[in-house]
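Residue strings, one per chain:
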Amino acid sequence: MTRKQTKSLVLLQHHLKNLRLPTILRECEKIAARCATDNVDHLGFLLQLCELELIERDRRAAERRLKAAKFPTYKTLETFDFQAQPGLNKLLVSELMRGEFIEQRENILLVGNSGTGKTHLAVALGIAACGQGKRVRFYQVTELITQLMEAREERELTRLKKQLAKLDLLILDELGYVPASKLGSELLFDVISTAYERFSLIVTTNLPFENWTEVLGSERLTGATLDRLTHRCHILETTGESYRLQDAKRRHTKSSSKQPRLTK
Ligand code: ADP
Ligand code: MG
């Protein structure tokens with residue numbers, strides 16, 4: 001490389017840094033060399049660099065969205081065993097994975113016993129949405145209620161609600177495990193009302209609808225919450241006993257059949 005070329009390269013790197021084009025900065029020399037051997041013209045070279053920068057940018061943005069969503073675990077549909085849930089509408093689940101329900105501001109309600117894969121499905125749907133450029137946040141209901149109550153005490157409630165209102169998808173996991181206080185249920189209801197027709201909700205619960213009053217306290221609040229949640233809503237029901245339990249049983253039967261029989 002001549003002195004003049006070295007000088008240009010240093011300047012170029014400086015400009016690319018200022019323009020915040022880190023991928024072009026990192027790759028430009030390599031791609032330039034490759035384009036020279038492949039006889040790619042200048043525009044073709046520029047196109048390759050821009051494409052790389054965009055791909056990297058999308059990847060970083062998806063990573064940021066995934067981090068911001070605060071999923072408790074990383075679960076996808078690939079590891080979901082549909083055979084263990086024969087009652088579940090697989091076609092509907094695959095369709096929901098495409099994320100159109102978010103464009104349509106529709107909700108998903110996942111109902112079923114503990115350990116039947118509700119959180120797994122909710123996380124898988126959330127991860128898919130992140131990949132589609134959506135802003136997602138996962139909360140355990142109790143965690144959200146605590147945050148709302150704390151924010152209220154610190155006069156930060158408006159700020160928190162504004163943050164939530166920027167989401168495309170809010171996942172509320174485990175509605176109904178712990179009966180909320182009156183204030184807690186009102187604050188939660190407020191969030192659900194804000195979401196109504198503005199952004200999508202995925203709610204998981206082990207509670208049949210008739211027991212929701214126990215959790216939310218008042219009949220009026222329960223009625224209004226159910227009304228908002230179930231309007232434009234897909235209901236997925238998981239059935240059977242806990243998957244972990246079934247899994248443990250299966251493994252147990254396998255290993256016990258391998259063990260040598262003790263003869264009396
Ligand atoms: P829930 O939220 O309904 O209580 P989880 O989604 O937390 O249940 O499931 C409990 C565990 O069992 C998780 O590790 C989950 O990945 C796994 N699991 C549940 N159902 C299935 C399934 N059908 N296929 C694969 N794993 C499952
Ligand atoms: Mg769960």
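This is a predicted model, so every value here is computed, not measured. Counting restarts for each chain, with residues numbered from 1 along the sequence as it is written. Both sets of labels track the order of writing: A upward for chains, 1 upward for ligands. At least 70 in pLDDT is required for a residue's local features to be given in this predicted model, at least 80 for side-chain atom pairs to be given and counted, and no such filter applies to totals for whole chains, interfaces and linings, which use all residues. Excluded from the side-chain calculations are hydrogens and water; all other atoms, namely the structure's heavy atoms, are used.

**Digging into the site of ligand 1**
Point 1. Looking at ligand 1, there are 15 residues lining it, with D81, G115, K118, T119 and H120 nearest.
Point 2. As used in this structure description, the phrase polar contact means that two N or O atoms lie within 3.5 Å; if the pair is within protein, one of them must be able to donate a hydrogen and the other to accept it, and residues adjacent in sequence are counted only when both atoms belong to side chains. In this structure, G115 approaches ligand 1 through a main-chain N or O atom, which is 2.6 Å from an oxygen atom.
Point 3. Taking G117, its main chain carries an N or O atom lying 3.1 Å from an oxygen atom of ligand 1.
Point 4. Here ligand 1 loses 87% of its free accessible area of 550 Å² to cover by the protein chains.
Point 5. Think of it this way: any DSSP run of H or I at least four residues long counts as a helix, any run of E at least two long counts as a strand, and we number them from the N terminus. Mapped onto the shell around ligand 1, the elements with two or more residues apiece are α6 (118-131) and α12 (243-258). It suffices for a single heavy atom of a residue to lie within 4 Å of a molecule or strand for the residue to be listed as near it. For every accessible area listed, the method is Shrake-Rupley and the probe measures 1.4 Å; residues are considered covered only by the protein chains on display.

**Looking at the confidence of the model for the protein**
Point 1. pLDDT expresses, on a scale from 0 to 100, how confident the predictor is about each individual residue. Confidence in the prediction for the protein averages 90 pLDDT; 94% of positions are at 70 or higher.
Point 2. No element of the protein has a lower mean pLDDT than α12, at 72, and none a higher one than strand β2 (residues 136-140), at 98.
Point 3. In the predicted structure, residues 258-264 sits below a pLDDT of 50 and forms zero contacts with residues beyond four places in sequence or in another chain. Working rule for contacts: check all heavy atoms of both residues, and any pair within 4.5 Å makes them a contact.

**Some points on the packing of aromatic side chains**
Geometry of an aromatic ring pair is reported as the spacing of the ring centres plus the angle between the planes.
Point 1. By convention, a stacked pair of Phe, Tyr or Trp rings (six-membered ring in the case of Trp) has centres within 6.5 Å and planes under 30 degrees apart, an edge-to-face pair has planes over 60 apart, and any other such pair is tilted. Throughout the structure, instances matching the rule amount to two aromatic pairs.
Point 2. Consider the rings of F71 and F138, whose centres lie 6.2 Å apart with planes at 65 degrees: the pair is edge-to-face. On the criterion of sequence distance, the pair formed by F71 in the loop between α3 (42-69) and α4 (90-97) and F138 in strand β2 is long-range, its members being 67 residues apart.
Point 3. The side chain of R137 reaches across the aromatic face of Y139, ending 3.9 Å from its centre.
Point 4. Remark: a charge is flagged as sitting over a ring if the NZ atom of Lys or the CZ atom of Arg is within 6 Å of the ring centre and within 35 degrees of the ring normal. The lysine or arginine in question, R228, covers the ring of Y196, its NZ or CZ lying 5.7 Å from the ring centre.

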